[in-house]
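These are the residues of each chain, in order.
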Amino acid sequence: DIRVMSDAVPSPALLRDFATNYWWSYNTAARQLVLELQSHLSQNIKSDLDHAHPTRAICIAQDQELERIFKLPGISQKITAVLREFEKDITGPTWWQQQRPPKELEVAFFSAEFGIDSSLPVYSGGLGVLAGDILKAASDLGVPLFGMSLFYHEGYFHQRIDREGRQSEEYPLLNPEALGLTPVLIASGSPVLFNLTLSDELVAVRAWIAPV
């Protein structure tokens, strides 16, 4: 569920809903807006945003800071237009609803990786990109599908080449919340947490969600 914009006035809460949904990553106007907002916000937020996730600045900004951005010349119209399109896509009628009789159906798509956007580096190849495209297509059609995968805390490596041409690898540690993921909660509000026994080793598992 997302918040609804009233009276064509953007709200900090709805903007954060937008920022944590990877819909922005494959909508041209939304992507441009994210980059513009990032440039305005990173100048005022006292946080190390170098190499940060594109929407991180939006997620951690105070309401007053976002409201200040809303008043900048030209930016309010851009925000309103993008959030209106976001609302329409998320809450409007879908092809699936129009073509299929209403019934309970959920499709689980299991994959080792989902290439949704380079800002969520939990994939490394073409099959991951294909899996991510299937999620986006399902979203556009309104198919009740969710992807189930693993979160790789070190993602894929960053390559460095020295002056002699030798390659070295860096594995940055990824923070799920910094990437726009939110913990899956049970009815009491506590995070989903369970244990699995794999090869006689006990493994603790948490669940996170990335809306696409």
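The paragraphs below set out a description of the structure included in this document.

What counts as what
- Residues numbered from 1 in each chain as written.
- Predicted model: local features only at pLDDT ≥ 70, side-chain atom pairs only at ≥ 80, totals over all residues.
- Heavy atoms only, no water.
- Pairing = 2+ DSSP bridges.
- Helix = DSSP H or I, 4+ residues; strand = E, 2+ residues; numbered from the N terminus.
- Right-handed = clockwise from strand over helix to strand, strands pointing away.
- Phe/Tyr/Trp six-rings, centres within 6.5 Å; stacked < 30°, edge-to-face > 60°.
- Buried < 20%, exposed > 50% of the residue type's maximum accessible area, 1.4 Å probe, protein only.
- Patch = residues over 30% accessible without salt bridge, like charges linked within 9 Å, V, L, I, M, F, W, Y side chains within 5 Å.
- Areas by Shrake-Rupley, 256 points an atom, 1.4 Å probe, with all protein chains shown as cover.
- Salt bridge = Lys/Arg side-chain N within 4 Å of Asp/Glu carboxyl O.
- Arc of directions from axis to C-beta.
- Contact = heavy atoms within 4.5 Å.
- Expected span 1.5 Å × (residues − 1).
- Core = buried A, V, L, I, M, F, W, Y, C linked by side-chain atoms within 4.5 Å.
- Axes fitted to C-alpha atoms, helices over the stretch in contact; angles between N-to-C directions.
- Parallel < 35°, antiparallel > 145°, perpendicular 65-115°, else oblique.

### Focus: the pairing of strand β1 (residues 107-110)
Looking at chain direction, β1 and strand β2 (residues 145-148) are connected through 4 bridges and run parallel. Residue pairing for β2: V107 is matched across the bridge by L145. With helix α7 (residues 126-141) bridging β1 and the parallel β2, this β-α-β connection has right-handed handedness.

### Observations concerning the packing of aromatic side chains
One pass over the full model with this rule turns up 8 aromatic pairs. On the numbers, 5.3 Å between centres and 90 degrees between planes, the contact of F109 with F114 is edge-to-face. The buried category is assigned to F114, whose relative accessible area is 6%. Each member of the aromatic cluster is reached from another via a ring pair, and the members are F18, W23 and F86.

### Focus: a nonpolar patch on the surface
A surface patch of nonpolar side chains, amounting to about 320 Å² of accessible area, comprises F110, F146 and M148. On the basis of relative accessibility, which here comes to 40%, the residue M148 falls in the partly exposed class.

### Concerning helix α4 (residues 63-70)
Turning to α4, its buried residues number three or more, namely E65, L66, I69 and F70. One side of α4 holds all its buried residues, which, seen down the axis, span an arc of 150 degrees. Buried-residue contacts for α4 involve α1 (12-19), α2 (28-41), α3 (56-60) and α5 (75-91).

### Examining the environment of L196
When you line up the elements, L196 lands in strand β6 (residues 193-198). Residue class for L196 comes out partly exposed when judged on its relative accessible area of 38%. When the C-alpha atoms of L196 and V212 are compared, they prove to be 27 Å apart, with 16 residues separating the residues in sequence. Those residues in contact with L196 that lie beyond four places of it in its chain are E201, L202, V203 and V205.

### Some points on α5
For α5, which comprises 17 residues, the first-to-last C-alpha distance of 24 Å matches the rise-based estimate of 24 Å (1.5 Å per residue) to within 8%. Residues of α5 that are buried include every one of I75, I79, T80, V82, L83, F86 and E87, and no others.

### Some thoughts on the nonpolar core
Counting residues in each nonpolar core, the largest one holds 32 residues, and the members touching the most others are L15, F18, L37, L41 and I79. Elements with a minimum of two residues in this core: α1, α2, α3, α4, α5 and α7. Among residues more than four places away in sequence, those in contact with L15 are L37, I58, L66, F70, I79 and L83.

### Considerations on the packing of α1 against α4
Between α1 and α4, the least distance of the axes is 10 Å, while the angle of their chain directions is 90 degrees. Classified by the interaxial angle, the pair formed by α1 and α4 is roughly perpendicular. Each of P12, L15 and R16 in α1 lies in contact with α4, whose residues at this interface are D63, L66, E67 and F70.

### Concerning the pattern of salt bridges
Applying the stated criterion across every chain yields a total of 8 salt bridges. We note a salt bridge from R16 to D63, for which the minimum N-O separation is 2.7 Å. A residue pair is termed long-range when its members are at least 10 positions apart, and R16 in helix α1 and D63 in helix α4 qualify at 47 residues. Between R166 and E164 there is a salt bridge, with its nearest N and O atoms 3.5 Å apart. You'll find R166 and E164 in the same group, each marked exposed. In the salt-bridge network here, residues are joined through shared partners; they are D162, E164 and R166.

### Considerations on the pairing of strand β4 (residues 167-170)
Across 4 bridges, the pairing between strand β3 (residues 158-161) and β4 is antiparallel. Within the sheet, the bridge partner assigned to I161 lies in β4 and is Q167. Linkage of β3 to β4, two consecutive antiparallel strands, is achieved through a turn of 5 residues, within which G165 is found at a positive phi near 85 degrees.

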